Amino acid sequence: RMLNMFTQNMVFPELVLRGATSNTDTNEIMQQDIRPLLAVDIIEQLHRQFALLSGGRGEDGAPIITFPEYSGFSEVPEEDFLNVVTYLTSIPSLDAASIGFIIIIDRRKDKWSSVKASLSRIAVSMVMFFQRAFPGNLQLVLVLRPSRLLQRAMADIGLKLHKDDFKMKVIVMLNSLSDLHSYVDKSQLTRDFGGILEYSHSQWIHHRTAIENFALTVKSTAQMLQRFGAQLAETELPNDVQGTKDLLTVHTDKHNNLKDELKLALRQGNTLFTSHELLFCANSEDDDVCFRLLAQLDETENAFEQFWCKHHLKLEQCLQLRHFEQDFREVKVCLDSLLDGLNSLSDTGDCVARVEHLLKELKALEKKGQPTVEKAQLHASHGDQLIQSNHYAVDSIRPKCVELRRVCDDFSNEAKKKFDVLSKSLCLYLLHTSLCLPYMSCCSGIYLLASQAVDKCQSQEGAESALTDIEHFLDSAEKNQLTELRNLHNQFEVVLSEDIKGGVLKALKRLEDVQEMFEKRSVSLKRLSAKQTRPIQPVAPRPESSPKRPSQKTPPRTTGISFFLFLFHSAFQGYFAELNNSELSHLIPPTLENKKDVLFGNLPEIYEFHNKTFLVELENCAEKPELVGICFLKRKEELQVYEKYCQNKPRSEVVWRQCGDSFFFQECQKKLDHKLSLDAYLLKPVQRITKYQLMLKEMLKCSKGEGMVELEEALATMLDIIKSVNDSMHQIAITGFEGNLSELGKLLMQGSFNVWTDHKKVHSKVKDLARFKPMQRHLFLYDRMLLFCKKREETTEGHEKTPTYSFKHSLKMSSVGITENVKGDSKKFEVWYNGREEVYIIQAPSMDVKNMWVSEIRKVLTGQLEACRGTCIHLDLRICLYQDARAHGLWGHTWLLHPSAAAACSSLC
């Protein structure tokens with residue numbers, strides 16, 4: 001019963017793994033070191049076989065304890081006898097034991113004295129045991145009396161006389177096995193008692209020992225699980241990442257070790273249960289014990305795994321939480337730093353330069369903070385995922401996610417608010433500056449009209465000159481001043497004060513009045529400048545077949561290009577191919593070695609383009625001359641091959657001067673029967689590029705209606721190519737410039753001028769000398785820079801002078817201003833730098849040259865402003881008009897790209 005009680009109460013998964021409450025007896029059994037009597041403790045006594053528990057049962061299920069024939073029964077010590085009886089009676093379950101035990105005493109071969117002694121000893125021992133443990137649970141005592149007749153008679157008499165001495169309620173004396181079978185069925189008796197129950201006492205002892213060892217293993221395993229569960233329940237979760245990682249590792253290792261112990265115990269129990277089924281000593285009590293132990297161990301394992309899964313999940317979630325908290329602290333510090341930087345950034349500026357500088361800083365701060373904001377938003381999303389995964393610390397994670405998003409929104413909203421304020425401030429400054437432009441333009445226009453003498457305008461020349469001045473003024477002024485001012489007024493009407501609105505409307509009215517004055521003056525001057533035409537003389541018409549003048553509808557023919565290709569091909573092959581002729585190799589001058597490509601340049605490329613592409617397309621236009629313009633526009637990129645050839649032409653001329661009079665070239669000229677030498681043919685491509693624009697001009701004269709727009713565009717394209725070729729010829733002659741000319745943008749203009757300088761930092765005497773003594777400078781205008789060079793001409797004997805341009809100075813166009821009119825000379829204009837720290841007075845050779853340069857510089861500066869406005873890049877750029885009255889006593893046009901002009905414009909307005 002003690003073993004049965006132990007096996008029933010020793011394993012409590014809920015107690016071990018979940019810390020659930022249970023009864024006090026169970027806790028005492030699990031926690032105290034209570035050890036019942038085991039087979040291994042009385043193994044020697046059991047092997048004597050003086051008492052057996054074969055597994056047989058009575059009809060009502062009462063367990064049967066057998067005392068077989070044992071000669072030394074009287075010699076068994078009392079303690080050994082009591083231990084064996086105690087152990088055997090503890091094996092059946094409590095339910096079976098409560099029915100009562102059946103005792104079978106086999107004394108068939110003994111005497112009555114032996115029977116009497118056995119009954120007395122058994123009676124005393126059993127009564128002592130049952131009264132202490134299970135009172136009243138002895139149901140029946142069956143005694144097989146001696147088989148001999150005398151001993152049997154003595155047993156009957158003795159039993160009657162001493163019945164009360166045995167202190168047993170029911171004692172039945174049996175004469176034979178058949179009498180025994182009437183009380184106990186044969187299936188519950190061993191073969192010694194005529195039954196069929198298989199029983200091996202040695203196997204029974206071995207199996208009982210194995211079962212009890214397994215029971216101890218289950219108990220120790222349960223106790224380990226209980227201690228581990230209590231340790232896990234009492235463990236406090238760390239507050240840092242590394243501590244959580246270490247704790248997770250330690251608990252995982254312990255879990256794996258306990259898991260191995262459980263698996264080992266299960267294998268032991270399964271092996272024991274399987275082997276028990278094959279034993280002869282098997283009985284239902286042992287089967288029940290094995291089954292209950294295995295079931296409880298399996299239940300323990302399942303409960304342990306469920307508990308571990310929950311605990312492991314909590315540890316992993318704790319590690320996720322610690323990572324989240326650590327990242328939160330890092331991101332929060334960065335966001336707070338960004339907010340502090342944003343709050344420290346002012347949203348007000350006292351000038352345009354300050355406002356644009358603040359906008360730059362704001363953009364830089366937003367760009368710098370973008371990775372941090374994205375990281376914060378990503379971290380908040382990670383927190384949302386933890387919340388959705390039922391994290392145990394939802395109440396801690398959710399406020400942090402809210403805080404991260406709030407700080408990100410605060411940063412974005414504050415940055416947007418500052419940007420809007422600064423942008424409006426900048427627009428107001430620009431609007432204020434824009435009010436200066438039309439005002440200065442009106443003043444300059446009124447001064448121009450007032451300065452035109454009426455008597456000089458009465459003649460045709462005077463009227464034309466005055467009209468030219470007006471046209472130049474209108475061209476040099478901004479064409480969209482009126483429209484832009486209206487757009488600015490409409491755009492910012494809501495935020496404009498009444499004073500600024502009044503100024504804008506006043507400026508608009510002023511512009512309209514001045515425009516009307518110019519229109520009226522222009523109409524009057526055009527009438528005065530109109531020439532008197534002579535009367536038409538009658539002339540006899542020319543016959544249509546006259547070859548002297550082509551019909552207006554007949555376009556120029558392309559035979560000129562064909563003839564050019566013919567001459568070019570014959571000359572090129574007649575000279576270029578002969579350079580590879582071994583018979584003439586001795587005549588080739590040494591100076592021509594490895595310089596064949598320099599001498600001929602890219603002539604093969606020009607020939608291939610004309611022969612295979614351009615000439616074919618022009619010939620296809622013979623029936624439709626209106627397509628010629630399209631042909632030129634389509635091939636405008638390929639026509640750039642002439643620029644490369646012309647750039648190489650000076651180097652080719654040097655090579656020709658070194659070896660042109662050699663016998664080799666003379667021999668080639670004789671073979672070709674050419675009247676002109678090779679250098680004349682090498683000049684043909686340079687001449688050809690100029691003839692294209694002449695052809696297009698003639699076609700324009702002959703064309704009407706369809707195709708004229710394309711012809712005009714083609715003519716403009718060819719003129720641009722010629723100008724680009726001419727400019728590039730000058731550009732390659734620049735020396736001394738340390739930078740890369742290709743980084744300066746497109747070369748727009750180049751030309752020679754007289755230049756005076758006036759620098760604030762120069763000594764007064766040097767300044768006075770510079771004002772009266774001009775310098776001869778050759779200027780190169782690029783998109784990004786203006787170069788000042790000194791022209792030098794190198795003279796080679798018998799040849800033309802070759803110009804070179806020595807670099808002297810440069811001005812960045814981003815900081816350049818221009819004053820169009822200079823007092824005393826209409827061909828002069830000013831280019832100044834960094835708020836007039838450096839002033840360059842430039843005298844053009846003619847008014848046309850001056851106007852072209854002023855117009856081109858104005859386009860560059862205007863383009864920079866438009867690029868600034870178009871891309872919203874708040875650079876330090878301004879365009880305004882500046883009146884140089886103090887220096888020159890004249891209202892002039894000034895294009896400025898420098899912040900210092902803002903103060904000047906404010907004072908003028």
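Residue positions are counted from 1 within each chain, in the order its sequence is given. Only residues with pLDDT of at least 70 are given local features in this predicted model, and only at 80 or more are side-chain atom pairs given and counted; all residues enter the totals for whole chains, interfaces and linings. Hydrogens and water are ignored here; the side-chain numbers use all heavy atoms of the structure.

Let's shift gears to the overall build of the protein chain. Regarding its fold elements, the protein chain presents 30 helices and 13 strands. Sequence-distant contacts in the protein chain: of pairs separated by 6 or more residues, those separated by 24 or more amount to 73%. Surface accessibility in these figures is a Shrake-Rupley result with a 1.4 Å probe; residues are shielded only by whichever protein chains are displayed. Counting only carbon and sulfur atoms, one obtains 53% of the accessible surface of the protein chain, whose full area is about 48700 Å². Secondary structure counts use DSSP, requiring at least four H or I residues in a row for a helix and at least two E residues in a row for a strand, with both numbered from the N terminus. The criterion used for residue contact is that any of the two residues' heavy atoms lie within 4.5 Å.

Right, let's talk about the packing of aromatic side chains for a bit. The description of an aromatic ring pair uses the distance of the two centres, along with the angle that the planes make with each other. The criterion for an aromatic pair is that two Phe, Tyr or Trp rings (for Trp, the six-membered ring) have centres within 6.5 Å, with stacked assigned to planes under 30 degrees apart, edge-to-face to planes over 60 apart and tilted to the rest. A complete count under the given rule lists 18 aromatic pairs for this structure. Their ring planes at 50° and their centres at 6.1 Å tell us that F50 and Y70 sit as a pair that is tilted. Of the two residues, F50 is situated in the loop between α4 (43-47) and β1 (64-67) and Y70 in the loop between β1 and α5 (78-90); the sequence distance between them amounts to 20 residues. Throughout this description, buried means an accessible area under 20% of the type-specific maximum (1.4 Å probe, protein chains only), exposed means over 50%, and partly exposed covers the range between. Residue classification places F50 among the buried residues on the basis of a relative accessible area of 1%. Residue classification places Y70 among the partly exposed positions, given a relative accessible area of 23%. Ring centres of F780 and Y805 lie 5.4 Å apart, and the angle between their planes is 80°; this geometry places the pair in the edge-to-face category. With F780 in strand β7 (residues 775-782) and Y805 in strand β9 (residues 802-812), the pair connects residues that are 25 residues apart, well separated along the chain. Residue F780 is classed as buried on the basis of its relative accessible area of 0%. Under the relative-accessibility criterion, Y805 is labelled buried at 1%.

All right, on to the environment of L781 then. Mapped onto the elements of the fold, L781 is located in strand β7. Considering only alpha carbons, one finds L781 and E856, 75 residues apart in sequence, at a separation of 8.7 Å. Setting aside chain neighbours within four positions, we find L781 in contact with K746, L747, L748, M749, L786, M813, W853, E856 and I857.

Time to look at helix α22 (residues 641-659). Take the number of residues in a helix, subtract one, and multiply by 1.5 Å to get its expected span. For α22, spanning 19 residues, the distance from its first C-alpha to its last is 26 Å, which sits close to the expected 27 Å at 1.5 Å a residue. A maximum bend of about 40° is found in α22 at K649, where proline P650 lies one to four positions downstream. Three or more residues of α22 are buried, namely V641, Y642, E643, Y645, C646, N648, K649, S652, V655, W656 and C659. Where α22 is buried, its residues contact α19 (596-600), α20 (603-620), α23 (663-672), α24 (678-682), α25 (684-702) and α26 (708-731). Given a residue, its bend is the angle between the two axes fitted to the seven residues that end at it and to the seven that start from it.

Turning next to the sheet that holds strand β2 (residues 101-106). The four strands lie next to each other as β1-β2-β3-β4, forming an open sheet whose pairing is parallel. In this open sheet, the two edge strands, each paired with only one partner strand, are β1 and β4 (171-174). Neighbour to neighbour, the strand axes of the sheet diverge by 20° on average, direction disregarded. DSSP-based pairing: two strands are paired if at least 2 bridges between them are found. Of the pairings in the sheet, the one linking β1 to β2 comprises four bridges and is parallel in character. Bridge pairing in β2 places I65 opposite I103. To obtain an axis, a line is fitted to C-alpha atoms, over the contacting stretch when the element is a helix, and the angle between two such axes runs from 0 to 180 degrees between their N-to-C directions.

One side-chain nitrogen of Lys or Arg within 4 Å of one carboxyl oxygen of Asp or Glu is enough to make a salt bridge. In this structure the tally under the stated criterion is 23 salt bridges. Between D336 and K332 there is a salt bridge whose closest N-O contact spans 3.1 Å. A residue pair is termed a helical-turn pair when its members lie 3 or 4 positions apart in one helix, as D336 and K332 do in helix α12 (residues 284-344) at four residues. Since its relative accessible area comes to 27%, D336 is described here as partly exposed. One network of salt bridges, in which partners are shared, links K332, D336, E403, R406 and D410.

With that out of the way, let us pick up the pairing of strand β12 (residues 838-843). Summarising burial for β12: five of the six residues are buried, a large majority. Here strand β6 (residues 747-759) pairs with β12 via six bridges, running antiparallel. Looking at β12, one finds that D758 is bridged to V839. Alignment of strand β11 (residues 828-833) against β12, held across six bridges, turns out to be antiparallel. Its bridge partner lying in β12, V831 is registered against Y840.

This next bit is on the packing of α22 against α25. Packing of α22 against α25 brings their axes to within 10 Å, and their N-to-C directions diverge by 140°. Regarding the angle of α22 to α25, the classification is oblique. Viewed along their axes, α22 and α25 form a crossing whose handedness is left-handed. Of α25, the residues touching α22 (which contributes Y642, Y645 and C646) are P685, V686, R688, I689 and Y692. Its residues assigned to classes, the contact of α22 with α25 comprises seven nonpolar, no polar and one charged. Should an angle fall under 35 degrees it is called roughly parallel, over 145 degrees roughly antiparallel, and 65 to 115 degrees roughly perpendicular, with every other angle called oblique. Handedness of each helix crossing follows the sense of rotation of the near helix against the far helix: counterclockwise by less than a right angle gives left-handed, clockwise gives right-handed. Residue classes follow a fixed rule: Ala, Val, Leu, Ile, Met, Phe, Trp, Tyr, Cys and Pro count as nonpolar, while Asp, Glu, Lys and Arg count as charged, and any other residue, Gly among them, counts as polar.

Nine residue types can take part in a nonpolar core, namely buried Ala, Val, Leu, Ile, Met, Phe, Trp, Tyr and Cys, and a core is a set of them joined through side-chain atoms within 4.5 Å. If you look at the biggest cluster of nonpolar residues, it comprises 42 residues, and the most contacted ones within it are L599, F600, V628, F632, L639 and F665. The element best represented in this core is α22, accounting for seven residues. The residues contacting F665, other than those within four sequence positions of it, are Y575, L592, L599, W656, C659, G660 and L678. Counting 31 residues, the second largest nonpolar core, distinct from the first, contains L338, A380, C401 and L426.

Turning our attention to unusual backbone geometry. The phi torsion at N594 lies on the positive side, around 65°, for a residue other than glycine. Considering the arrangement of structural elements, one finds N594 in the loop between α18 (559-576) and α19. Although it is not a glycine, D673 sits at a positive phi angle of roughly 55°. Its location among the elements puts D673 in the loop between α23 and α24. Judged by its relative accessible area of 66%, D673 falls in the exposed class.

What follows covers the packing of α22 against α26. At their nearest, the axes of α22 and α26 sit 9 Å apart, and the two run at 30° to each other. It follows from the interaxial angle that α22 and α26 lie roughly parallel. Pair α22 / α26 crosses with right-handed handedness. Counting all contacts with α22, which are made through Y642, E643, C646, Q647 and P650, the residues of α26 involved are S724, V725, S728 and M729. Of the residues contributing to the contact of α22 with α26, the split by class is five nonpolar, three polar and one charged.

What follows is about the side chain of Q693. Within the secondary structure layout, Q693 lies in helix α25. Take Q693: its relative accessible area is 11%, and that puts it in the buried class.

Next up on the list: the confidence of the model for the protein chain. When pLDDT is averaged along the protein chain, the result is 75, and 73% of the positions lie at 70 or above. Confidence, expressed as mean pLDDT per element, reaches its minimum in the protein chain at helix α2 (residues 13-18) with 32 and its maximum at β7 with 93. A low-confidence stretch, residues 531-559 (pLDDT under 50), is modelled with twelve contacts involving residues beyond four sequence positions or located in other chains. Note that pLDDT drops below 50 for residues 871-909; the model gives that stretch 113 contacts with residues more than four away or on any other chain. Residue-level confidence of the predictor is what pLDDT reports, using numbers from 0 through 100.

If you trace the backbone, E69 turns up in the loop between β1 and α5. Taking the relative accessible area as the measure of exposure, E69 reaches 28% and is therefore partly exposed. It is 8.1 Å that separates the C-alpha atoms of E69 and I105, two residues lying 36 residues apart in sequence.

As for its placement among the helices and strands, T190 is situated in the loop between α9 (177-183) and α10 (201-234). Of the residues examined, T190 reaches a relative accessible area of 12% and is grouped as buried. Between the C-alpha atoms of T190 and S54, which are 136 residues apart in sequence, the distance is 7.5 Å. Not counting the four nearest positions on each side in its chain, T190 is found in contact with S54, G195, L197 and Y199.

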